[in-house]
Amino acid sequence: MLEIQDVLFEENVCLNLTAKTKDEVICELTELLYLNDVISDKEEFKKEIYHREEEGITGIGDGIAIPHGRTPVVKKSVIAIGRTQSDIDWKSFDDKPVRVIIMFAIRDVDISQHIMLLSRVAEMLLDKEVIDVLHSAETIDEIIQVLKQGGGDR
Amino acid sequence: MKIVGITACPTGIAHTYITKKKILEAAKACGYECRIETQGSIGAEDALTPEEIKAADVVLLAVDVKISGEERFKGKPIVKARTEDVMRNTDKFLQQIELKLRKAGKL
């Protein structure tokens, strides 16, 4: 059974993004994924992210957004987490700005276990405790811990 | 009110499952019985049984993409909406369905 650490790595988390706009957030997190060898082509990945953005709202409320891209340029399915220092204008279900961005990079042909884990993480983003920790955590460990616990209730 | 439903989104990774959870939580809060089948990128999970469909008062399809097995709901009241419309204010969305069914004498 896969665990949260199989898709969430410390190197793909940045709790003090410098981005001030949605485009800058997407750029900064894409850059991070590229540097960490998760994706092989930044432009192609961003194209896919924007394509999904056009299909519907990814701001799921409570200051959290989940842009996601599924494309062959993703080498391994992971989650990147970014937190901004100011409110970001991002279309969301509660019409509130966003501060925490969970970016899903999904490998085109992936084993279902990985996909299931990513889906479970998505579900957890509705939990009050998880939301609070994402907004307030000072270390990535705090985030990993709360997502680990959340995994047990399904 | 007994609800059965399906959620499905373009990527089949996130919204499909988030919407399901939102619907189940809202249904519980409003006192409705609810079963949701997800049709994500890994296929259908928690598939609805013919008995569950038969017993349901309404079918809620929160879908952005074409789903499979829609013919199973033939003859039932169906509410079809995009996932984001259901996500936005899920409690209210479900309550409005109930109101509509009551007015139509179907509850």
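Since the structure is predicted, the reported quantities are computational estimates derived from the model, not experimental observations.

Rules and cut-offs
Residues numbered from 1 in each chain as written. Chains lettered and ligands numbered in written order. Predicted model: local features only at pLDDT ≥ 70, side-chain atom pairs only at ≥ 80, totals over all residues. Heavy atoms only, no water. Contact = heavy atoms within 4.5 Å. Buried area = accessible area lost by both parts, 1.4 Å probe. Salt bridge = Lys/Arg side-chain N within 4 Å of Asp/Glu carboxyl O. Polar contact = N/O pair within 3.5 Å; in protein donor to acceptor, adjacent residues only side chain to side chain. Helix = DSSP H or I, 4+ residues; strand = E, 2+ residues; numbered from the N terminus. Patch = residues over 30% accessible without salt bridge, like charges linked within 9 Å, V, L, I, M, F, W, Y side chains within 5 Å. Areas by Shrake-Rupley, 256 points an atom, 1.4 Å probe, with all protein chains shown as cover. Lys, Arg positive; Asp, Glu negative; His and termini not counted. Charge placed at Lys NZ, Arg CZ, Asp CG, Glu CD. Buried < 20%, exposed > 50% of the residue type's maximum accessible area, 1.4 Å probe, protein only.

Let's talk about the interface of chain B and chain A
When the parts of a complex come together, some accessible area is lost, and that lost area is often used as the size of the interface. Between chain B and chain A, the residue contacts involve 17 residues of the former and 25 residues of the latter. Approximately 2,000 Å² of surface area, both sides summed, lies buried where chain B meets chain A, with 62% of it carried by carbon and sulfur atoms. A per-residue breakdown of the area chain B buries against chain A is headed by I13, H15 and R88 of chain B, which together make up 28% of the total. Between the two partners, chain B and chain A, sit two salt bridges. Seen at the junction of chain B and chain A, the total is eleven residue pairs in polar contact (both at pLDDT 80 or more). Counting residues per element, the ones that place at least two in the side of chain B that touches chain A are α1 (15–30) and α3 (83–88) of chain B.

Comments concerning a negative patch on the surface
The grouping of E10, E11, E138, D141 and E142 of chain A at the surface amounts to a negative patch. For E10 of chain A, a relative accessible area of 58% gives the class exposed.

Focus on the environment of C9 of chain B
If you trace the backbone, C9 of chain B turns up in the loop between β1 (2–8) and α1. Residues within four places of C9 of chain B in sequence aside, it is in contact with R52 of chain A together with A14, H15, T16, D64 and V65 of chain B.

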